[in-house]
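# Per-entry structural report
Listed here are the chains, written in short residue letters.
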Amino acid sequence: MNAFRNTLSRMLFPQWVLLGVGLVVGAVALLIGVSDNLPGIGLLYLALVCLAGAWLWNWRSPREYWMLLIISLAAFPIGAILHNLFDALGTKAGQIPVIGQLVGFLGAFFFLAAVVAAAPVGLAALIGGITASWKGLDRLTKLNRSYRRFIESSRIGKKVLLKLVNLVRQSASGANLQPLKFILSNTPEKNRRIFPSLSWAGYLKEWTGPAEGERPAAYIIILGDSELAKSFQYDAGIASQSITLGAAELGLGACLVGSINRERLREEFSIPERYQILLVIALGKPAEQVVLEDLGPGEDIEYWRDEKDRHHVPKRALEETILDL
Ligand SMILES: Cc1cc2nc3c(=O)[nH]c(=O)nc-3n(C[C@H](O)[C@H](O)[C@H](O)COP(=O)(O)O)c2cc1C
């Protein structure tokens, strides 16, 4: 029953629903006609909003949505001016082979960009921007999945890493000892020195970790200063959650890595013995989709990937976590 529910929820993935609705509504609009036909035009715009929504579904960074909104707003006047310009040129150069066709094509392209595409794409970007800027903790904890494949070329600035560590500085610490220290890495050279010490996704036996080009763009290595405290696990947990939630808020993905070749990493950076290597947080712009699944009684907690390479993470039901004692 649960497997059926999971399959159904995958089939009804909102992105595919939007794509399907967009295509069906678009087809209906074309069937009833969009030329001087108000209902047809309305349906065409609705279809385009759905298609734009499906395209933007996996975007997470509010900044990218706002940029797209600005581009869409600018596309209307710029597209209209360029359309009129190429239309005027067409009346002069229309007879010249190739150039006449090119001018005609550009005129039509800018008309479509200004009149047909700009408004629905802008509306989808506005909805996406508002949703992505909404910082509810429920939404953030859902977004805060373990990502293991990234767009490696999408770099992360040092300022961003400092901002994330500052979240830890503002978080709780046992006896307020604040014993954690951090090594930051955001350059390909330094990243290359960290990656070989990490192990990825133990349950995915066939997968040896992210390939070149999909590796993290940055890392934060969390260390425990043994001169400041004896144990660090609670502080490291709080720190990790603060950093990964902060990353999710910025549209980034993260993965906590506890399976570390600590000797190798210590040697690589000549980390003094007084610092215990606790966790490495890998960061980057996600290049994979991670889906939460409800775990039925007796079902396996191991994460898995489907035929579309989406990563699925089963989570126990809320009732199962509460002891009614
Ligand atoms: C303390 C800790 C250590 C982890 N170590 C690793 C690791 O070494 N390699 C890895 O790929 N994932 C690691 N993870 C990520 C978990 O596998 C992941 O949290 C789990 O599969 C649930 O997925 P989710 O984070 O998307 O909910 C670690 C997570 C935690 C909390």
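Residues numbered from 1 in each chain as written. Predicted model: local features only at pLDDT ≥ 70, side-chain atom pairs only at ≥ 80, totals over all residues.

Further remarks concern the overall build of the protein chain. Across its full length, the protein chain holds 11 helices and 8 strands. For the protein chain, whose C-alpha radius of gyration is 25 Å, the value lies well above the compact-globule estimate of 20 Å for 325 residues. Principal-axis analysis of the C-alpha atoms gives the protein chain an extent of 80 × 50 × 40 Å. Here the protein chain holds 325 residues, and the buried ones make up 28% of them. The contacts of the protein chain with a sequence gap of at least 6 include a subset with a gap of at least 24, amounting to 74%. (Helix = DSSP H or I, 4+ residues; strand = E, 2+ residues; numbered from the N terminus. Rg over C-alpha atoms; globule rule 2.2 N^0.38 Å. Buried ≥ 20, exposed ≤ 12 C-beta atoms within 10 Å, placed from the backbone. Contact = placed C-beta atoms within 7 Å.)

One finds Y219, I220, I222, A254, V280, I281 and L283 to be the most contacted residues of the largest nonpolar core, which totals 35 residues. Among the elements of the structure, helix 7 (158–169), strand 3 (218–225), helix 9 (233–249), strand 4 (253–257) and strand 5 (275–286) are those that each provide at least two residues to this core. For this core, the element with the highest residue contribution is strand 5, accounting for 8 residues. For L283, the contacting residues outside a window of four places in its chain are I156, P216, A217, A218, Y219, I220, A247, L252 and A254. (Core = buried A, V, L, I, M, F, W, Y, C linked by C-beta atoms within 7 Å.)

With that out of the way, let us pick up the packing of helix 4 (residues 62–93) against helix 5 (residues 99–133). Relative orientation of the contacting elements helix 4 and helix 5 amounts to 165°, with a least axis distance of 7 Å. As far as their axial angle goes, helix 5 and helix 4 are roughly antiparallel. Considering only the axes of helix 4 and helix 5, their crossing is left-handed. (Axes fitted to C-alpha atoms, helices over the stretch in contact; angles between N-to-C directions. Parallel < 35°, antiparallel > 145°, perpendicular 65-115°, else oblique. Left-handed = near helix turned anticlockwise from the far one by under 90°.)

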